[in-house]
Amino acid sequence: MAANNYYHDPYTRNDYNNTAYSNDWRADSSSRPQLSTSPFDDRQYGYSRNPSQSSDGVHQYPSNPFDERNTIPLDRRQKKHDSTASVAPILEPPPHDDPFVRDAKSGRSRRRDRWFKGKVTYVCFVLTFVQLIVFIAELIKNGILTKTPIEIHPSFNPMIGPSPYLLINMGARYVPCMHNMPNVQNASLEIMWPCPNATATTGDSVSCTLSDLCGFSGVPNPRAGGNVMDSPAPNQWWRFIVPIFLHAGIIHIGFNLLLQMTLGRDVEQLIGSVRFALVYFAAGIFGFVLGGNFAATGIASCGCSGSLFGILAITLLDLLYTWSERKSPIKDLLFIVLDVCIAFVLGLLPGLDNFSHIGGFCMGLVLGICILRSPTTIARRTSLHNPSYSGVTSRHATADADEGLRGFIKQPLQFFQDRRGVWWAWWAVRAFCLIGALVGFILLLKNFYVWRTGCGWCKYLSCLPIKTGGTDWCNVGNLDFTPTSTGNGTSRRDLFGMGLDGVGRML
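Residues numbered from 1 in each chain as written. Predicted model: local features only at pLDDT ≥ 70, side-chain atom pairs only at ≥ 80, totals over all residues. Heavy atoms only, no water.

Below, the discussion takes up the packing of aromatic side chains. Applying the stated rule across the entire model yields 12 aromatic pairs. On the basis of an interplanar angle of 85° and a centroid distance of 4.9 Å, the ring pair of Trp423 and Trp424 is categorised as edge-to-face. On the basis of relative accessibility, which here comes to 43%, the residue Trp424 falls in the partly exposed class. Among the aromatic residues, those joined into a ring-pair cluster are Phe245, Phe276, Tyr280 and Phe281. Lying over the aromatic face of Trp423, Arg419 brings its terminal NZ or CZ to 4.3 Å of the ring centre. (Phe/Tyr/Trp six-rings, centres within 6.5 Å; stacked < 30°, edge-to-face > 60°. Buried < 20%, exposed > 50% of the residue type's maximum accessible area, 1.4 Å probe, protein only. Lys NZ or Arg CZ within 6 Å of the ring centre and 35° of its normal.)

The following block contains the structure:
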């Protein structure tokens with residue numbers, strides 16, 4: 001070693017063994033200076049330059065204190081591994097605290113800070129904040145109109161929230177406020193509607209017009225003896241969008257926001273804020289459009305459940321795309337299936353809109369196929385470069401930077417080089433899904449406003465064929481106008497006799 005060559009014995013060097021020096025020193029050995037012991041002298045450590053030879057002829061060197069193999073490791077970081085799914089095991093600090101670092105945070109503090117680390121999910125935070133503010137406004141307005149923040153008269157709201165008539169007045173999806181309807185615009189008698197401040201089934205609580213119930217700028221009121229083609233017609237189209245921010249009660253908003261701030265936050269970190277917002281609103285709007293076509297006509301539907309079903313569909317796609325990289329993919333799949341089944345079963349209860357759940361989930365699947373990166377098995381090129389899967393292009397990615405939108409913009413020709421046939425087929429499927437989603441959305445809107453074609457068996461996707469007390473669950477929520485003898489020739493819409501009608505959807 002360098003230390004052995006540098007810290008040498010001064011009396012054994014060749015330049016001191018020449019004739020001029022050797023005779024004088026040998027002549028008077030008593031005058032030879034005695035050197036003090038040096039800590040850098042190898043002789044103090046019993047180290048010999050001459051290796052010993054073993055019986056098998058192999059030279060064996062004694063232990064060298066300056067050998068790197070005898071050093072004490074100072075870096076306690078974990079060794080790298082071959083995982084391609086996450087870098088957390090490499091970067092994660094040791095579970096125990098370092099006694100030599102006095103200002104080091106404890107492991108519990110580091111774990112607590114992880115919730116606020118990583119990419120900031122702006123869309124989830126903004127949506128949650130707005131929905132909370134809107135729900136507080138619902139309770140305040142219901143308290144002003146009915147003297148209580150939650151509905152207790154004429155019936156109790158099981159979601160612990162405002163009355164359904166207040167939700168209609170604040171923008172819930174309610175079909176009579178959106179287009180002409182049979183038995184409404186062509187009714188032979190004048191129809192009286194419940195008021196937003198209704199607390200009884202008779203009297204002034206049910207003496208409002210349709211325009212009073214719908215609120216905002218109002219809608220044209222139907223006239224007795226009119227026609228279903230009367231113009232202008234009610235056209236509050238924004239009721240397909242606004243209900244995403246409304247909720248029927250504390251239980252409703254509690255379940256939705258819990259899922260939104262856990263599952264939704266993870267999905268936004270996976271696909272990015274722009275794509276997350278696209279899936280969130282597209283799934284929610286499509287769910288309300290599908291429910292407007294096939295759900296019961298008297299249901300006031302609201303909530304972000306359809307949007308969250310679209311996010312749940314993205315989670316399912318990501319699981320299928322990374323199936324071989326998951327530690328327990330079957331367990332993850334069972335959790336997703338369980339969540340979907342529970343929500344669909346709850347949607348079969350009377351007066352609830354399960355079509356919004358179904359529509360949101362279907363739109364989430366279709367958009368997920370379009371916007372998520374292709375699976376690794378499909379994106380593999382014929383060349384040696386095989387990109388690893390990620391939900392979208394990562395700003396830290398280097399090896400697969402040419403696989404996303406940025407790579408296509410920078411090098412459009414290289415983006416299509418060395419592609420296999422399955423990749424082209426998969427892109428054809430993605431294009432078909434995108435076109436199918438647009439065409440389906442347009443057809444549903446056309447059917448809602450123009451054709452108004454119903455589906456006889458579709459109602460069983462949102463109800464169970466059960467009769468209790470002479471009431472068919474599948475008829476709960478449908479508008480049914482029956483003339484009553486009130487002395488003034490009017491008929492009255494009985495919203496109060498429909499059980500959970502108007503309460504909305506819950507997750």
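Further notes follow.
Take the state of the cysteines next. What makes a disulfide is a covalent bond joining the sulfur atoms belonging to two cysteines. Using the criterion set out here, one finds 4 disulfides in the structure. Through a disulfide, Cys177 is tied to Cys214; the S-S separation comes to 1.9 Å. Between Cys177 and Cys214 the sulfur-sulfur dihedral comes to about -85°; the bridge is accordingly left-handed. Of the two residues, Cys177 is situated in the loop between helix 6 (164-170) and strand 3 (190-192) and Cys214 in helix 7 (residues 210-214); the sequence distance between them amounts to 37 residues. Judged by relative accessible area, which is 0%, Cys214 ranks as buried. Note on cysteine connectivity: Cys463 is disulfide-linked to Cys474, with sulfurs 2.1 Å apart. Disulfide Cys463-Cys474: the torsion about the S-S bond is 95°, which places it as right-handed. You can see Cys463 sitting in the loop between helix 16 (421-451) and strand 4 (467-468) and its partner Cys474 sitting in the loop between strand 5 (471-472) and strand 6 (481-483), a full 11 residues away along the chain. (Disulfide = S-S within 2.5 Å. Helix = DSSP H or I, 4+ residues; strand = E, 2+ residues; numbered from the N terminus.)

Tracing the backbone through its elements, the reader meets Asn142 in helix 5 (residues 122-146). Here the side chain of Asn142 touches Ser163 through a polar contact of 3.3 Å, landing on its backbone nitrogen. Ignoring any residue separated from it by four or fewer positions in sequence, one finds Asn142 in contact with Lys147, Thr148, Pro149, Ile150, Glu151, Pro162, Ser163 and Leu166. (Polar contact = N/O pair within 3.5 Å; in protein donor to acceptor, adjacent residues only side chain to side chain. Contact = heavy atoms within 4.5 Å.)

This part is about helix 16. Between its first and last C-alpha atoms helix 16 spans 42 Å; for 31 residues at 1.5 Å apiece the expected length is 45 Å, and the two agree. Three or more residues of helix 16 are buried, namely Trp423, Trp426, Arg430, Cys433, Ala437, Leu444, Asn447 and Phe448. Where the residues of helix 16 are buried, they touch helix 9 (273-294), helix 10 (305-321), helix 12 (354-371), helix 13 (376-379) and helix 15 (412-415). Remark: Arg452 follows helix 16 within two positions and exhibits a positive phi of approximately 55°. (Expected span 1.5 Å × (residues − 1).)

Tyr174, Trp193, Phe240, Val267, Phe276, Tyr280 and Ile311 are the most contacted members of the largest nonpolar core, which has 77 residues in total. Per element, the largest residue contribution to this core is 10 residues, and it comes from helix 10. Not counting residues within four places of it along the chain, the set of residues in contact with Tyr280 comprises Leu127, Gln131, Ile244, Gln260, Cys304, Ser307, Leu308 and Ile311. (Core = buried A, V, L, I, M, F, W, Y, C linked by side-chain atoms within 4.5 Å.)

What follows is about the packing of helix 12 against helix 16. For the pair helix 12 and helix 16, interaxial distance at closest approach is 8 Å and the crossing angle is 140°. In terms of axis orientation, helix 12 runs oblique to helix 16. The interaxial crossing formed by helix 12 with helix 16 has left-handed handedness. Only Trp426, Arg430, Cys433, Leu434 and Ala437 of helix 16 make contact with helix 12, whose side of the interface consists of Met363, Val366, Ile369, Cys370 and Ile371. When grouped by side-chain class, the residues that make up the contact of helix 12 with helix 16 number 9 nonpolar, no polar and 1 charged. (Axes fitted to C-alpha atoms, helices over the stretch in contact; angles between N-to-C directions. Parallel < 35°, antiparallel > 145°, perpendicular 65-115°, else oblique. Left-handed = near helix turned anticlockwise from the far one by under 90°. Nonpolar A, V, L, I, M, F, W, Y, C, P; charged D, E, K, R; others polar.)

So, about the pattern of salt bridges. Summed over the entire model, instances satisfying the criterion amount to 4 salt bridges. Across the salt bridge formed by Asp353 and Arg173, the nearest N and O atoms sit 2.8 Å from each other. Of this pair, Asp353 sits in the loop between helix 11 (329-346) and helix 12 while Arg173 sits in the loop between helix 6 and strand 3; the two residues are 180 residues apart in sequence, bridging distant segments of the chain. When sorted by exposure, Asp353 lands in the same class as Arg173, which is buried. Of the charged contacts in the structure, one is a salt bridge between Asp318 and Arg326, with a shortest N-O distance of 2.9 Å. (Salt bridge = Lys/Arg side-chain N within 4 Å of Asp/Glu carboxyl O.)

This part is about the confidence of the model for the chain. Of all residues in the chain, 67% have pLDDT values of 70 or greater, and the mean over the chain is 78. When pLDDT is averaged over each helix and strand of the chain, the minimum, 43, is found for helix 3 (residues 88-91) and the maximum, 97, for helix 5. For residues 80-113, every residue scores under 50 in pLDDT, and the model assigns this stretch 21 contacts once sequence neighbours within four places are set aside. In this model residues 393-401 is a low-confidence stretch, pLDDT under 50, and it forms 11 contacts with partners more than four residues away in sequence or in other chains. (pLDDT = per-residue confidence, 0-100.)

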